[in-house]
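# Analysis of the macromolecular model
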Amino acid sequence: MSTIEIKKATKRFGDFVAVRDADLSVGAGEVVCLLGPSGCGKTTTLRMIAGLERTTSGDIIIAGQRMNELPPEKRDIAMVFQFYALYPALTVGENIAMPLHYEKLSKSEIDSRVMNVAKIMHLTDVLDRMPGHIAEGEKQRLAVARAIVRDPNCFLFDEPLSRLDVELRHSMRGQIKEVLQGLSKATVIVTHDQLEALTMAHRIAIMKDGVIEQVGTPHEVFAKPINVFVASFIGTPQMNLLEVDLGQVEGDVAMMSIAGSPVKVPVDPAVRGLKPGKVTIGVRPRAFAPSQDATPDTIGAVAELIEPMGAETLIHARAANGGDIRMVVPREKKIKVGEALHLLPETGQIHVFGDDGKAVRS
Amino acid sequence: MAENISILERLGFRKASGVGEAGWGHTLFAAVVAFIYFLPVLFIIFMAIKPQTLALSVPPTISPTTLFGLIPDEYVFSPTFENFGSVFSRVMTPGGAPENTGFDLYFFNSILIASVSVLLALVIGTLAAFGFSRYPLKGNDTYLFIILTTRMLPAIVVIIPVILMFRVVHLSGSYLGIILLYTAFNLAFTIWMMKSFFDELSLDVEDAARIDGSSGFRVFFKICLPQVIAGLAATFVFGLILTWNEFLFALLLSGPDTRTVPVAMNQAVSSGGRGTDWTLLAAIETLFLIPVFLVTFFLQNHLLRGVTFGTVKR
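None of the values given here were measured: they were computed from a predicted structure. (Residues numbered from 1 in each chain as written. Chains lettered and ligands numbered in written order. Predicted model: local features only at pLDDT ≥ 70, side-chain atom pairs only at ≥ 80, totals over all residues.)

Looking now at the overall build of chain B. Helices and strands together make up the secondary structure of chain B, namely 14 helices and two strands. Here the C-alpha radius of gyration of chain B, 25 Å, is well above what a compact globule of 314 residues would show, namely 20 Å. Here chain B holds 314 residues, and 27% of them are scored as buried. (Helix = DSSP H or I, 4+ residues; strand = E, 2+ residues; numbered from the N terminus. Rg over C-alpha atoms; globule rule 2.2 N^0.38 Å. Buried ≥ 20, exposed ≤ 12 C-beta atoms within 10 Å, placed from the backbone.)

Structural data, given as C-alpha cells:
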C-alpha cells in the first residue's frame, strides 16, 4: 500500500528546532498539502520523508516500513523540487529516463515508458533538447514527468508551482491534480500558497514554527479553524480578528460588545464555559451582511477604503472604537467612502477564541 | 540622433553603454594592446627562423617579409628552417659529423612527465575536492589550509630534503620520482580549484538524483562531473603550464634519461664555449611553445567558461 506515516518526527539543527513532534498520516491515493509561512518547517518535513534530512527523533514510515535509516535512493519515492533540479548535462529524454536506471529494463522498454510520460506531460517535441534550452513551463512539466515515470511508493512535491507565472500556475495546478488522480499514490505537497493547497489537497496540514497546528480537509480548516493562527492564515481576504467584551451567555446566544456596539449573537454552546471579559472573535469578510438601517444587534462602522476585486468589492470599514473591519460584498452593492454601515454577522459565522488562542467549540 | 555623433564616436569609440558589440575603434585599440603583449613571442619565433649570422646583426632584422614594401630591405631576413633541424641533430665538434643532441628524448620526457603528472593530479584532486565539498570532515577548513601550505614554501626551501629523501628511496633520476613530485606539486592547486567548482553546483540536483535511485558514485560520475567539465579543462591547462615550465625540481631531480626540455635548454646554452647560439635557443623555445599552445587552443571554449565560472548568473 502506498502510504506515508510520520510519527512524532522532530528535526533539530543545533539548538534550532525546525520541526517538533510532527504527526501526519497520508493514505493511499490521498493528497496532503503542508501549508505554512516560509521558515515554518514544511520543507524540512518533506525532506525528512525523502531521507534527505535525518530525523532527530521520531519515525518515518513509508508503505508500512520504517525508513529512518534508509538513504533516499532506497526509499522508492519520487520528488519534484522547487527549482526543478533537472540534470543539466542530460537531455530532456535522458532526464525522464534517469529514475528507470535501476529497474533493469530493456532499451526499448525505457523508450516506451519515456514516450508515454512525455505524451502525458506534452514534452514529445523537446525530448532531444537540453533542460537549459526549454521554456519555464516545460521545465516544470519535465520535473513532474521525471517523477511519474516510475511507480514509486509515494510522491513528494516541494513548492512545485512557485516559479511559474500566474497563468501557467493555474493550468499546471489542474494538470498536476489530474495526473495525481490517475495514480492513487500517497502524495505530499509543500506550498505557501493557500489557494494551491485548498484546490489540490484532500487534506491540509497547517504548520507554524515547526509545529503542525491543524490537519483537516480544505473545508474543515476553512470553516473550523482550530486556533487564531489557522483562522488568520486560511482565507483571503484575511479573517477579521476582533477583541470584544464577552457578556452574559444564555444558551447559545451571547451578549458581546463588538467594536463598541452591543450585539447579541448566536455562538457555540461551549462558549458558555468562558468567563465574561475580553475574548477574541473571528469573522470572515464574506460573513457580514451590511444593512442600511441601524437595526439592533449590528456593528456600527464607516466605510473608509473601497477596493473593487471584480465580482466582489472589498471594503475596509472603521468601527466606532477605531478597529479595522474588512468586508466583502457583491459587486452590485454600491457603497461610498464615508458611508455609515451597520454590519450584521451571519449566524454561525462567529468564531470565538479563548485566552490561549484556541477556538472554543463543542 | 545622427547629428550628435562626436569625433570619437565617428572613429568607432562608442560611449560605453555596456550593450552590444564594441565599435572598430575599441576593437583596434584592444588589438594593438594584444600585439604589444605578443611581441616577445613574435621576437622568439622570428629569431628561430633567422639565419644564425643575423641573430645579433646591427641594424636588427625584424621581419621575414617586406610587408609589400613597407619595411626597407635592410631590416628583412630570409627565413630558414635550419635551426629546427639543429635542435635535434647538429655538428658538435669542428669538422665532425652531425650528432644527435638528445632533444627528441627531452621533448618526449617533457610531454610524458607533464601530462601524466597533471592527469594524475586531476584524477586524485577531483575526487578529493568532491569529498571536501560534499562530505566535509570535522575541521574541513583546517585540512584545506594545510593542503594549501604545501604551495606556500618556495621550491628552493623544500628541494634539499626532497633530494635527500629521493636518494634514500632511489627515486632521483627516475620517471616515477619526478612524476610523483609534480603530481604532489599540482594536487593542492587542483583540489582548491575543483572544490570551488563543486561548491557552485546546485545541491538540489544531487538530491534529486539520489531520490531517483542513484548511488553516490553515480551521482558523482553522471551528474556532477559533466557539470564541471569546464573546470576540469581550466585546471588541466593551468596545471600543465605550471608543470611544463617547471625548472628547479627538474634540474635537481631528473637524470640524463629523464631530463626535461627546460633543463636541457639550460645546458644547451651553457655548454659549447662558442658563445650562446641564440637562433638555436629560439628554435627550441618555439618548439617548446607548440604543445601547450595546441592544448590551450583546443580547450579554449571550456577555458573561458572555466575562468569566469560563478561570476556570471547561470
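Helix and strand counts for chain A stand at eight helices and 20 strands. Structurally, chain A occupies a C-alpha span of about 80 × 45 × 35 Å along its principal axes. The buried share among the 362 residues of chain A stands at 41%. Sequence-distant contacts in chain A: of pairs separated by 6 or more residues, those separated by 24 or more amount to 65%. (Contact = placed C-beta atoms within 7 Å.)

So, on to the sheet that holds strand S2 (residues 16-26) of chain A. Residues and elements named next belong to chain A. Here we have four strands laid out as an open sheet, ordered S2-S1-S4-S5, and antiparallel in their pairing. The open sheet has two edge strands with one neighbour each: S2 and strand S5 (65-66). The sheet contact formed by strand S4 (residues 57-62) and S5 spans two bridges and is antiparallel. Within S5, the residue paired with Ile61 across the bridge is Arg66. Together, strand S1 (4-13), S2 and S4 form the strand contacts of helix H1 (residues 42-50), whose direction differs from that of S1 by roughly 115°. (Pairing = 2+ DSSP bridges. Axes fitted to C-alpha atoms, helices over the stretch in contact; angles between N-to-C directions.)

Further remarks concern the domain arrangement of chain A. Segmentation of chain A into domains returns domain 1 (4-226) and domain 2 (240-353). In this structure, domain 1 of chain A and domain 2 of chain A have C-alpha centres spaced 40 Å apart. (Domains from an automatic or database assignment.)

Within the largest apolar cluster, 154 residues are counted, with the highest numbers of intra-cluster contacts made by Cys33(A), Ile49(A), Met79(A), Ala145(A), Leu156(A), Val188(A) and Ala205(A). Sequence-distant contacts of Met79(A), that is, excluding residues within four places in its chain, are made with Ala50(A), Ala147(A), Leu156(A), Asp158(A), Ala208(B) and Ile211(B). (Core = buried A, V, L, I, M, F, W, Y, C linked by C-beta atoms within 7 Å.)

Before going further, it helps to examine the sheet that holds strand S13 (residues 261-266) of chain A. The pairing of strands in a sheet comes from backbone hydrogen bonds and takes either a parallel or an antiparallel form. Residues and elements named next belong to chain A. Strand order in the open sheet formed by five strands is S13-S12-S11-S14-S20, and the pairing between neighbours is antiparallel. With one partner strand each, in any of the chains shown, S13 and strand S20 (350-353) form the two edges of the open sheet. Adjacent strand axes in the sheet meet at a mean angle of 45°, parallel and antiparallel pairs treated alike. Taken together, the seven bridges between strand S11 (residues 240-250) and strand S14 (residues 277-283) define a ladder with antiparallel strand orientation.

All names here are of chain A. Burial along strand S12 (residues 253-258) is one-sided: Ala254, Met256 and Ile258 are buried, and none of Val253, Met255 and Ser257, which face the opposite way, are. Summarising the sheet, S11 and S12 pair through five bridges and their orientation is antiparallel. Across the sheet, the residue bridging to Val249 is Ala254, located in S12. From the end of S11 to the start of S12, which pair antiparallel, there are two residues, and Gly251 there has a positive phi angle of about 60°. Relative to S13, S12 is paired through six bridges, and the arrangement is antiparallel.

The next point concerns the interface of chain A and chain B. Between chain A and chain B, the contact holds 18 residues from the first and 15 residues from the second. By residue number, the principal contributor to the side of chain A that touches chain B is strand S6 (residues 77-80) of chain A, which donates three residues. By residue class, the composition of the side of chain A that touches chain B is 16 nonpolar, one polar and one charged. (Nonpolar A, V, L, I, M, F, W, Y, C, P; charged D, E, K, R; others polar.)

Residues and elements named next belong to chain A. In a regular helix each residue adds 1.5 Å, so 14 residues correspond to 20 Å; helix H3 (residues 107-120) covers 20 Å between its end C-alpha atoms and thus fits that length. Within the span of H3, buried status applies to Val114, Val117 and Ala118. All buried residues of H3 fall inside an arc of 105° around its axis, so they share one side. Structural note: H3 exposes Ser108, Glu109, Ser112 and Lys119 on the side pointing more than 90 degrees away from its buried face. Tucked inside the fold, the buried residues of H3 contact helix H2 (92-97) and helix H4 (136-148). (Expected span 1.5 Å × (residues − 1). Arc of directions from axis to C-beta.)

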